[in-house]
Amino acid sequence: ERLLDAMLGGPVERRSANALWELTRGNVQFVRELVRYGRDHGLLADADGVWRWSGATIAVGTRIADLVGLRLEDLDGAQRRVLELVAAGAPLELEVLREDERPTVEALEALELLELQREGRRRLLDVVHPLQGEVVRAGVPAVRWQALLQRLADAVDAGGGRRRTDLPRLAAFRLEAGDRRDPSLFERAALLSLGLYDTAAAERFAQAATEAGGGFTARLALGRALAEML
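Here's what I pulled together on the structure shown here. (Residues numbered from 1 in each chain as written. Predicted model: local features only at pLDDT ≥ 70, side-chain atom pairs only at ≥ 80, totals over all residues. Heavy atoms only, no water.)

Let us look at the sheet that holds strand E5 (residues 122-127). Pairing within the open sheet is antiparallel, and its three strands lie in the order E3-E5-E4. Among the strands making up the open sheet, the edge pair consists of strand E3 (92-93) and strand E4 (114-119). The pairing of E4 with E5 spans six bridges and is antiparallel. When the sheet's bridge partners are listed, Arg-118 is paired in E5 with Arg-123. (Pairing = 2+ DSSP bridges. Helix = DSSP H or I, 4+ residues; strand = E, 2+ residues; numbered from the N terminus.)

Quick look at the structure:
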């Protein structure tokens, strides 16, 4: 009840608070999404200074992912495309967005779907909550998902791969997009991942390099990764 009062800026009817408890079982993120959904769709309203829930259309047991999905249905095409790109590449440098896409970021921030963070001189975009990213990614058609990953990979490539994390990110984007034309990329990513003690990534990259026609280096990296996973 204290959480609801703080979120809504006023008292909540006891029966409504009980109903919201039954729906969320106290999961704070679920409460947050449900309150937002209720306000946006007229199911949670201020009546004479007291908030009342009339959410009969939200069935008990509704999953939080369903509520996140309902919020995403209200996005326009431009907003959804930017959110999909960020969900695919998060954390994503703001500079990856085209000029015509950047104004959309402010709207998505206001909707509490995206947040802009600073890391030194870098400006990074991320989804506000991991579950939002999961729901967005699950809803992207396969062909579009591949196109998003190729765009992200091209952006990393165009940046010159100066950071230590760029090589594994580039390899991961290419691999998930189904682009295995460059076995040397996966070989280098596998060796770097071994040096970072990320044996799961090393095994995945080395396997991809081997299947793409990589030679001794790829097989050696795969052997090392498998040995370290034992």
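Now that the structure has been shown, we can carry on.
Glancing now at helix H12 (residues 216-229). Here H12 is 14 residues long and its end C-alpha atoms lie 20 Å apart, about the 20 Å a rise of 1.5 Å per residue gives. Ala-218, Ala-221, Leu-222 and Ala-225 are the residues of H12 that are buried. Along the long axis of H12, the arc covered by the buried residues comes to 100°, so they all point the same way. Against helix H10 (183-195) and helix H11 (199-211) lie the buried residues of H12. (Expected span 1.5 Å × (residues − 1). Buried < 20%, exposed > 50% of the residue type's maximum accessible area, 1.4 Å probe, protein only. Arc of directions from axis to C-beta. Contact = heavy atoms within 4.5 Å.)

Turning our attention to the pattern of salt bridges. This structure, assessed with the given rule, holds 20 salt bridges. For the salt bridge of Asp-157 with Arg-174, the shortest nitrogen-to-oxygen distance reads 3.5 Å. With Asp-157 in helix H8 (residues 142-158) and Arg-174 in helix H9 (residues 166-176), the pair connects residues that are 17 residues apart, well separated along the chain. Residue classification places Asp-157 among the partly exposed positions, given a relative accessible area of 44%. Of the residues examined, Arg-174 reaches a relative accessible area of 10% and is grouped as buried. Connected via shared salt-bridge partners are Arg-32, Glu-33, Arg-36, Arg-71 and Glu-112. (Salt bridge = Lys/Arg side-chain N within 4 Å of Asp/Glu carboxyl O.)

Burial of strand E2 (residues 50-53) is one-sided: the residues Trp-51 and Trp-53 facing one way are buried, the residues Val-50 and Arg-52 facing the other way are not. Here strand E1 (residues 44-47) hands over to E2 after two residues, with Asp-48 in that stretch at a positive phi of 55°.

As a further point, take unusual backbone geometry. Residue Pro-91 follows Ala-90 across a cis peptide bond; omega there is -5°. Tracing the chain through its elements places Pro-91 in the loop between helix H5 (77-89) and E3. The phi angle at Asp-48 is positive, at roughly 55°, despite the residue not being glycine. Accessibility expressed as a relative area gives 83% for Asp-48, which makes it exposed. In this structure, Glu-112 is a non-glycine residue whose phi angle is positive, near 60°. Structurally, Glu-112 can be placed in the loop between helix H6 (102-110) and E4.

Shape descriptors only; they carry no functional weight alone.
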